[in-house]
Amino acid sequence: MDPSGSAVSSSRKAFVRDGAALLGAEGISRVIVFGVSFVVARHAGLEALGTLALVQSLLAYATVAGDAGLGTNAVRVIASRQDDSPVIRDTFLLQTGLTFAALLVLIPVTAQASSWDLALSLALVPVATAMRTSYVLQGRLHAVAAAKARVGGNLATGLSGVLVAALGGPLWAIGLSYSFGAIVTTIAVNAASRFNLSSITAGFRLGAMVGLLRKNLGLALFTVLVHAYSSLLIVFAQYGPTPELLVQASVATRVLLLLVIPSQILGGIVLPRLVGSAKSKLSLILGAPFLVGLLIAFCSYFAAPTYVPLLFGESSMGSVAAVQAISWQVPFSMASSVLLAYLLSKGRYWLSSGIQLIGLLVQLAACWALAARGAELYVFSIVVSEIALVLLLIFARLLWVYSARHRA
């Protein structure tokens with residue numbers, strides 16, 4: 001029996017196993033958490049759901065600033081089988097410190113857009129996320145452990161949030177359920193990764209951490225741009241011509257978060273497997289996900305008139321067209337996840353940031369042009385920008401391959 005063939009077969013089985021574990025866990029987890037959104041929409045109204053979505057989008061910038069691309073860098077180091085103790089310690093300290101610094105700015109901004117009690121109740125989410133060593137599990141390909149932690153944390157969020165919302169609790173109390181679930185997830189992840197909190201004080205290296213941050217500035221910029229890209233529809237809708245734009249955009253983006261679960265998981269499991277790989281047959285892992293994304297989009301488009309009012313209540317019927325329009329982002333999201341994972345695995349952080357910035361500007365221009373034309377066309381802005389993103393990524397990939405061959 002060919003040992004290399006056996007290794008390839010084993011790697012493929014592990015890829016499928018990890019993908020299935022993460023897909024199942026993420027699907028179950030998000031359905032549980034989204035139960036909170038559904039109950040909020042039915043009991044507190046779609047306006048309250050829009051406010052909750054806006055606050056979460058704004059505070060998520062603290063998570064992004066805290067991550068600063070350091071998590072992805074840690075995955076690359078751990079996946080390459082290097083000594084990972086220093087990078088784990090430095091990543092933990094940097095992410096926690098950067099998150100607290102970002103919250104000092106973002107909590108007052110978020111409170112002005114909503115209320116202080118809601119902003120403070122959700123502020124623990126980015127803190128718990130910064131203290132979570134999920135990059136250890138990802139780098140070591142421990143997908144099952146990560147999946148269990150996700151389910152446990154989101155179950156805590158879902159049960160507590162649904163209970164509070166069903167009992168008519170205030171929005172800030174519902175926000176606390178998200179913080180509670182984030183803390184539970186962090187505890188479970190850190191236990192699975194065997195992270196020892198006392199080890200972060202051993203060998204404290206300020207100079208090394210500053211150097212690590214400087215080294216990953218391109219990746220830090222990329223993570224900020226990715227969140228700006230994904231949250232633009234909600235943030236921009238706040239200043240739209242009608243209040244209904246924020247309501248309908250929040251429903252559509254809430255649904256989209258469920259639809260893009262496969263693309264987010266795909267990028268996560270592809271990244272560590274591409275690290276150090278000289279030959280990456282992207283065509284083999286690009287075509288199938290795109291077709292799966294098309295199937296998801298078709299199903300969502302035709303089923304939206306049924307499931308949107310079923311989930312969010314009869315008052316959400318006006319958001320059906322927006323949900324149908326935003327569904328077409330899914331296949332392009334599947335493709336961009338693979339292509340971006342490839343660039344990140346090769347350390348092409350600044351190139352990834354430049355492409356993501358162009359995608360963000362395309363979306364911003366589309367939002368500006370379509371905001372007054374109704375929610376259906378407005379949310380289609382992200383579909384337009386995702387297509388542009390995929391085309392740019394394909395061009396960059398082809399240009400890079402051509403240049404490498406030319407140099408050789």
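The structure displayed is predicted, hence computed values, not measured ones.

1. A closer look at the packing of aromatic side chains
Okay, step 1: Within the structure shown, the criterion is met by seven aromatic pairs.
Okay, step 2: Summarising the aromatic geometry, the rings of F298 and F302 are spaced 6.5 Å apart at their centres and angled 10° between planes, so their arrangement reads as stacked. One end of the pair is F298 and the other is F302, both in helix 14 (residues 282-312) and four residues apart, which spans about a single turn.
Okay, step 3: A residue is classified by how much of its surface remains accessible, and F298, at 42% relative accessible area, is partly exposed.
Okay, step 4: Measuring from centroid to centroid gives 5.7 Å for Y301 and W328, while their planes differ by 40°, and the two rings are tilted.

2. With respect to the nonpolar core
Generally speaking, a soluble globular protein has its nonpolar side chains buried in company with each other.
Okay, step 1: Among the nonpolar cores identified, the biggest contains 80 residues, and V308, F312, V323, Y378 and V379 are the most heavily contacted of them.
Okay, step 2: Excluding residues that lie within four positions of it along the chain, V323 makes contacts with V251, A252, V255, S300, A304, Y307 and V308.
Okay, step 3: Core analysis: the second largest hydrophobic core is formed by ten residues, I78, V87, I88 and F92 among them.

3. Quick notes on the environment of V162
Okay, step 1: Residue position: V162 is located in helix 8 (residues 143-166).
Okay, step 2: Residues V162 and V40, spaced 122 residues apart in sequence, show a C-alpha to C-alpha distance of 8.0 Å.

4. A look at the environment of V384
Okay, step 1: With respect to the secondary-structure elements, V384 resides in helix 19 (residues 381-407).
Okay, step 2: A sequence separation of 52 residues divides V384 from F332, and the C-alpha atoms of the two residues are 9.7 Å apart.

Rules of the game
- Residues numbered from 1 in each chain as written.
- Predicted model: local features only at pLDDT ≥ 70, side-chain atom pairs only at ≥ 80, totals over all residues.
- Heavy atoms only, no water.
- Phe/Tyr/Trp six-rings, centres within 6.5 Å; stacked < 30°, edge-to-face > 60°.
- Helix = DSSP H or I, 4+ residues; strand = E, 2+ residues; numbered from the N terminus.
- Buried < 20%, exposed > 50% of the residue type's maximum accessible area, 1.4 Å probe, protein only.
- Core = buried A, V, L, I, M, F, W, Y, C linked by side-chain atoms within 4.5 Å.
- Contact = heavy atoms within 4.5 Å.

Function cannot be read off these values alone, since they describe shape.
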